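Tertiary structure, described
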Amino acid sequence: LRIAVLVSGSGSNLQVLIDAMQAGALPIEIVGIISNREDAYAIKRAEQANIPVAVLSHTDSGKRMAIKTFESHASAQLTAWQPDLIVLAGFMRVLSGSFIDNAPAPMINLHPSLLPVYKGLDTHQRVLQAGERHHGCSIHVVTAELDAGQVLTQAVLNVNINDTVESLQSRVQKLEHQLLPWTILLLAKNALSLTVDNISSKATTY
Ligand code: GRF
């Protein structure tokens, strides 16, 4: 499976995929990384693994690159890499419906909550404030509506009485590091069905 990964931050999930690929534990080839931040540590991880990186962050004037400009560059880059699957792993920019609809491959996202609850940001804090007993992470198909596409897989943990935002973040991240490679393995083995309506001409099913 040819995979492109979009990142914004530390890239610990990317590292898990790199390690699994290098160990031969996952039948994947990471064909390229796109970062929307030039200071993302994920870039170093990709470079160390000799994976092509495209950094699409800011304009010369220091202003945020317009979403249209970002998306047209990202789209051209993805098309050139010809991925079978696009993985958003800690990618913190919202993508437009037209970018998602015209993407060259199905896109999945890793989200730190048990979707459909707690879409969006600050999930750990909101889960604690609400006194939830359970929390976790989800991998879902990316659609134009934020964090709302078909949920593919989830991993759950119990929220402890002494949990903090930091402890939940770290515990959820450990789950993510297991859930992401496992989900990609299921997709690669056609053990999980992912139907992307908007790529109807290819009617992609993994
Ligand atoms: C993950 O916790 C993900 O759920 C959130 O951002 C974090 C990314 O971590 N959206 P990393 O960049 O893979 O280390």
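Numbers given to residues run from 1 along each chain, matching the order in which its sequence is written. Only residues with pLDDT of at least 70 are given local features in this predicted model, and only at 80 or more are side-chain atom pairs given and counted; all residues enter the totals for whole chains, interfaces and linings.

Let's talk about unusual backbone geometry
In the segment running from Leu115 into Pro116, the intervening peptide bond is cis, with an omega of 15 degrees. When you line up the elements, Pro116 lands in the loop between strand E5 (107-111) and helix H5 (123-129). Positioned with a positive phi, Tyr118 is a non-glycine residue whose angle comes to about 60 degrees. Working definition: helices are DSSP H or I runs of at least four residues, strands are E runs of at least two. Numbering for both runs from the N terminus. Of note, Tyr118 is situated in the loop between E5 and H5.

Notes on the UniProt feature "active site" (unreviewed entry) in the chain
UniProt positions are given in the numbering used here, feature names are shortened, and annotations may be inferred rather than shown by experiment. Listed under "active site" (unreviewed entry) in the UniProt record, and renumbered for this structure, are His111. By the element assignment, His111 lies in strand E5. Put plainly, a residue is buried at 20 or more neighbouring C-beta atoms within 10 Å of its own, exposed at 12 or fewer, and partly exposed in between, counting only other residues' C-beta atoms, which are placed from the backbone. Classification of His111 as buried rests on a count of 21 C-beta atoms within 10 Å. Setting aside residues no more than four positions away along its own chain, His111 makes contact with Cys137, Ser138, His140 and Asp147. With C-beta atoms placed from the backbone, a contact is any residue pair whose C-beta atoms sit within 7 Å.

Concerning the UniProt feature "binding site: (6R)-10-formyltetrahydrofolate" (unreviewed entry) in the chain
What UniProt calls "binding site: (6R)-10-formyltetrahydrofolate" (unreviewed entry) maps, in this numbering, to Arg64 and Asn109. As for its position among the elements, Asn109 is in strand E5. Aside from chain neighbours lying at most four places away, what touches Asn109 is Leu88, His140 and Val142.

Considerations on the site of the ligand
Being near a molecule or strand means, for a residue, that its C-beta atom, positioned from the backbone, comes within 6 Å of it. Around the ligand, 15 residues are found, and the nearest of them are Ser10, Ser12, Asn13, Gly90 and Pro112. Looking at the shell around the ligand, the elements with two or more residues in it are helix H1 (12-22), E5 and helix H6 (165-188). With three residues, H1 is the single largest residue contributor to the shell around the ligand. All amino acids are sorted into three groups, where Ala, Val, Leu, Ile, Met, Phe, Trp, Tyr, Cys and Pro are nonpolar, Asp, Glu, Lys and Arg are charged, and the leftover types, Gly among them, are polar. Class assignment of the residues belonging to the shell around the ligand gives a composition of six nonpolar, eight polar and one charged. Viewed by domain, the shell around the ligand spans two of them, domain 1 (1-105) and domain 2 (108-195), each represented by three or more residues. Per the annotation, domain bounds derive from an automatic or database assignment of domains.

Here's the deal with the packing of H1 against helix H2 (residues 41-48)
A pair of packed helices is captured by two measures, namely the crossing angle of their axes and the spacing between those axes. Angular values range over 0 to 180 degrees, each being the angle between N-to-C directions of two axes fitted as lines to C-alpha atoms, with helices fitted over their stretch in contact. H2 packs onto H1 with a crossing angle of 10 degrees between their chain directions and a minimal axis gap of 9 Å. Judged by the inter-axis angle, H1 sits roughly parallel to H2. Of the two elements, H1 crosses H2, and the hand of that crossing is left-handed. In contact with Leu14, Gln15 and Ile18 of H1, H2 contributes Ala42, Arg45 and Ala46. The residue inventory of the contact of H1 with H2, partitioned by class, reads four nonpolar, one polar and one charged. The scheme is simple: roughly parallel for angles under 35 degrees, roughly antiparallel for over 145, roughly perpendicular for 65 to 115, oblique for anything else. Should the near helix be turned anticlockwise from the far one by less than a right angle, the crossing is termed left-handed; should it be turned clockwise, right-handed.

Re the packing of H1 against H6
Between H1 and H6, whose axes approach to 9 Å, the crossing angle comes to 40 degrees. The pairing of H1 with H6 is recorded here as oblique in orientation. Taken as a pair, H1 and H6 cross one another with a handedness that is right-handed. Mapping the contact onto sequence places Ser12, Asn13, Val16, Leu17 and Ala20 in H1 and Gln173, Glu176, His177, Leu180 and Pro181 in H6. Classifying every residue of the contact of H1 with H6 gives five nonpolar, four polar and one charged.

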